[in-house]
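# Structural overview for review
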Amino acid sequence: MTDSTIFSRGFAGEKLACVFSGIQPSGGLHLGNYLGAVRHWVSLQDCSERRFYCLVDCHAITVSQSSLRDQTLSMAAALLACGIDAESSVLFVQSSNPHHTELGWILSCVARMGWLQRMTQFKEKAGKDREQASVGLYVYPVLMAADILLYGTTHVPVGDDQKQHLELTRDIAQRFNHGCGKEIFSVPTPFIVASGARVMSLRDGSVKMSKSGSSAMGRLDLTDGLDEIALKVRKAKTDSTVLPSEEAGLEGRLEAKNLVGIYAALREVEVSEALRDVGGMSFSKFKDVLVDVLGEVMVPKGEEMRRLRADEGYLMEVLKKGGEHARALSEGRMERVRRAMEFLEVD
Ligand code: TYM
């Protein structure tokens with residue numbers, strides 16, 4: 001991707017105009033979500049003009065969900081606990097702004113079958129039984145493009161796994177603009193910070209940590225207390241060699257590389273710098289150090305999340321205001337799209 005903004009550590013530049021990102025309320029918030037995306041959503045609050053953070057429930061239903069309402073409220077509480085400020089950022093539920101699905105349909109007539117057929121995440125999620133996957137799962141990246149393009153987004157903070165979907169979003173925006181001869185959509189740039197961009201399962205360093213895919217023992221959830229964190233980290237897969245002092249020594253050691261990467265991202269330092277602290281340690285010693293850092297960063301957020309989750313009235317108020325705000329702010333662009341499509345205005 002030519003315009004990709006991949007930072008090695010964090011952002012230090014001019015203010016970004018409009019930031020949009022989303023998370024599926026299809027389970028709890030895990031360490032991969034936090035390190036790959038949500039911590040950047042929080043830090044970008046200080047260096048962007050406008051921000052939209054969306055609980056993408058319409059994406060979540062592309063696979064069956066058992067308690068979507070509860071999960072949506074829990075994810076809202078998790079985001080607030082991590083530091084999303086609902087006063088200065090728009091925090092909202094996707095289904096509360098119908099412009100997302102309206103634009104999603106229009107863009108599905110712009111996107112080409114060949115473009116969607118290349119999407120690797122569909123292949124991974126649908127697995128072998130592709131015939132049984134929902135049509136929604138297949139067209140999901142088009143809805144994601146609609147989410148982003150509705151608000152004039154310039155930057156999208158995400159983990160590495162969303163890069164291909166953002167390339168598609170850029171292609172759709174360009175094709176639409178070209179087709180109607182107007183710059184209706186901004187062409188967004190992915191905002192990916194290399195450190196923490198792909199957190200792997202604690203049980204298998206070749207598989208991404210995910211809400212559904214990896215086992216609960218392979219995943220660190222925001223709701224985990226210190227005892228659970230310690231148990232999962234102590235049982236994490238490792239190899240039999242001590243940690244190296246140089247980054248090159250992590251090559252081919254997937255699990256070691258993942259654990260050191262997590263440590264570095266939590267401490268907000270480069271892997272080479274992290275290895276200056278922990279190089280030469282045995283895994284049992286390093287795991288104690290890692291548990292301490294995880295405890296410091298994650299446990300207070302988990303406690304705050306539980307406190308907020310208990311206050312459903314407050315969460316509903318935040319999400320209602322966010323939904324109204326999002327809808328009002330996307331109406332102008334949606335009207336321009338309808339006009340560009342030459343839909344007959346009947347009222
Ligand atoms: P989702 O819900 O799977 O994940 C939310 C965010 O967390 C990041 N992430 C990870 N980062 C590092 N390591 C991991 N193991 C890891 N797992 C998840 C994801 O990259 C993502 O940034 N399609 C999106 C949701 C979405 C969206 C959007 C995102 C819908 N519309 C518009 C941005 C803009 C998804 O399924 O994320």
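Computed from a predicted structure; not experimentally measured. (Residues numbered from 1 in each chain as written. Predicted model: local features only at pLDDT ≥ 70, side-chain atom pairs only at ≥ 80, totals over all residues. Heavy atoms only, no water.)

## Notes on the overall build of the protein chain
- Scanning the protein chain from terminus to terminus reveals 13 helices and six strands.
- Its C-alpha atoms give the protein chain a radius of gyration of 21 Å, near enough to 20 Å, the size a compact globule of 347 residues would have.
- Projected onto its principal axes, the C-alpha coordinates of the protein chain cover approximately 70 × 45 × 45 Å.
- Looking at the protein chain as a whole, 52% of its 347 residues are labelled buried.
- Taking the intrachain contacts of the protein chain between residues at least 6 apart in sequence as the baseline, contacts between residues at least 24 apart amount to 77%.
- For the protein chain, the accessible surface area stands at approximately 16200 Å², while carbon and sulfur atoms represent 50% of it.
- Of the charged side chains in the protein chain, 42 are positive and 46 negative, and the gap between their average positions amounts to 3 Å. (Helix = DSSP H or I, 4+ residues; strand = E, 2+ residues; numbered from the N terminus. Rg over C-alpha atoms; globule rule 2.2 N^0.38 Å. Buried < 20%, exposed > 50% of the residue type's maximum accessible area, 1.4 Å probe, protein only. Contact = heavy atoms within 4.5 Å. Areas by Shrake-Rupley, 256 points an atom, 1.4 Å probe, with all protein chains shown as cover. Lys, Arg positive; Asp, Glu negative; His and termini not counted. Charge placed at Lys NZ, Arg CZ, Asp CG, Glu CD.)

## Section: the pattern of salt bridges
- All told, the structure shown has 18 salt bridges when counted by the stated rule.
- Linking Glu-312 and Arg-69 is a salt bridge whose minimum nitrogen-to-oxygen distance equals 3.1 Å. Linking Glu-312 in helix 13 (residues 312-341) with Arg-69 in helix 3 (residues 68-82), this pair joins segments that are 243 residues apart in sequence.
- A relative accessible area of 54% means that Arg-69 is categorised as exposed.
- Linking Asp-161 and Lys-208 is a salt bridge whose minimum nitrogen-to-oxygen distance equals 2.7 Å. (Salt bridge = Lys/Arg side-chain N within 4 Å of Asp/Glu carboxyl O.)

## Structural notes on helix 9 (residues 226-234)
- All of the buried residues along helix 9 are Ile-229, Ala-230, Lys-232 and Val-233.
- Contact partners of the buried residues in helix 9: helix 12 (283-309).

## Some details on the packing of aromatic side chains
- By the definition in use, this model includes seven aromatic pairs.
- The interplanar angle of 5° and the centroid separation of 4.8 Å between the aromatic rings of Trp-41 and Tyr-53 together place this pair among those described as stacked. In this pair, Trp-41 is assigned in helix 1 (residues 31-43) and Tyr-53 in strand 3 (residues 48-55), connecting sequence segments 12 residues apart. For the pair shown, Trp-41 and Tyr-53 are each scored as buried.
- Between Phe-176 and Phe-185, the aromatic rings sit 4.9 Å apart at their centres with planes inclined by 55°, giving tilted as the arrangement. When sorted by exposure, Phe-176 lands in the same class as Phe-185, which is buried.
- Here the aromatic cluster, defined as three or more aromatic residues joined through ring pairs, consists of Phe-20, Phe-52, Phe-92 and Tyr-151. (Phe/Tyr/Trp six-rings, centres within 6.5 Å; stacked < 30°, edge-to-face > 60°.)

## Overview of the domain arrangement of the protein chain
- We note that the domain assignment places domain 1 (6-197 + 311-341) and domain 2 (216-308) within the protein chain.
- Tallying the contact residues gives 19 residues for domain 1 and 19 residues for domain 2.
- Interface area, domain 1 with domain 2, both sides summed: about 1500 Å², of which 67% is carbon and sulfur.
- Where domain 1 meets domain 2, there are zero salt bridges. (Domains from an automatic or database assignment. Buried area = accessible area lost by both parts, 1.4 Å probe.)

## Points about the site of the ligand
- As a structural note, the neighbourhood of the ligand is formed by 28 residues, with Tyr-140, Asp-147, Asp-161, Val-199 and Lys-211 the closest of them.
- Gln-24 has a polar side-chain atom sitting 2.8 Å from an oxygen atom of the ligand.
- Here a nitrogen atom of the ligand sits 2.5 Å away from a polar atom, N or O, in the side chain of Tyr-140.
- Contact with the protein chains removes 97% of the 710 Å² of surface that the ligand exposes when unbound.
- Class assignment for the residues of the shell around the ligand results in 12 nonpolar, 11 polar and five charged. (Near = heavy atom within 4 Å. Polar contact = N/O pair within 3.5 Å; in protein donor to acceptor, adjacent residues only side chain to side chain. Nonpolar A, V, L, I, M, F, W, Y, C, P; charged D, E, K, R; others polar.)

## Considering the nonpolar core
- Counting residues in hydrophobic clusters, the biggest one holds 68 residues, and the most contacted among them are Phe-286 and Leu-294.
- For Leu-294, the residues in contact, after removing those within four places along its chain, are Leu-31, Leu-220, Ile-229, Val-233, Ile-262, Leu-266 and Val-299.
- With 42 residues, the next largest nonpolar core counts Phe-92, Trp-115, Ala-126 and Ile-148 among its residues. (Core = buried A, V, L, I, M, F, W, Y, C linked by side-chain atoms within 4.5 Å.)

## Section: the environment of Thr-101
- Among the secondary structure elements, Thr-101 is positioned in helix 4 (residues 99-108).
- For the pair formed by Thr-101 and Cys-58, sequence separation is 43 residues and the distance between their alpha carbons is 8.4 Å.
- At 3.1 Å, the side chain of Thr-101 forms a polar contact with the backbone oxygen of Pro-98.

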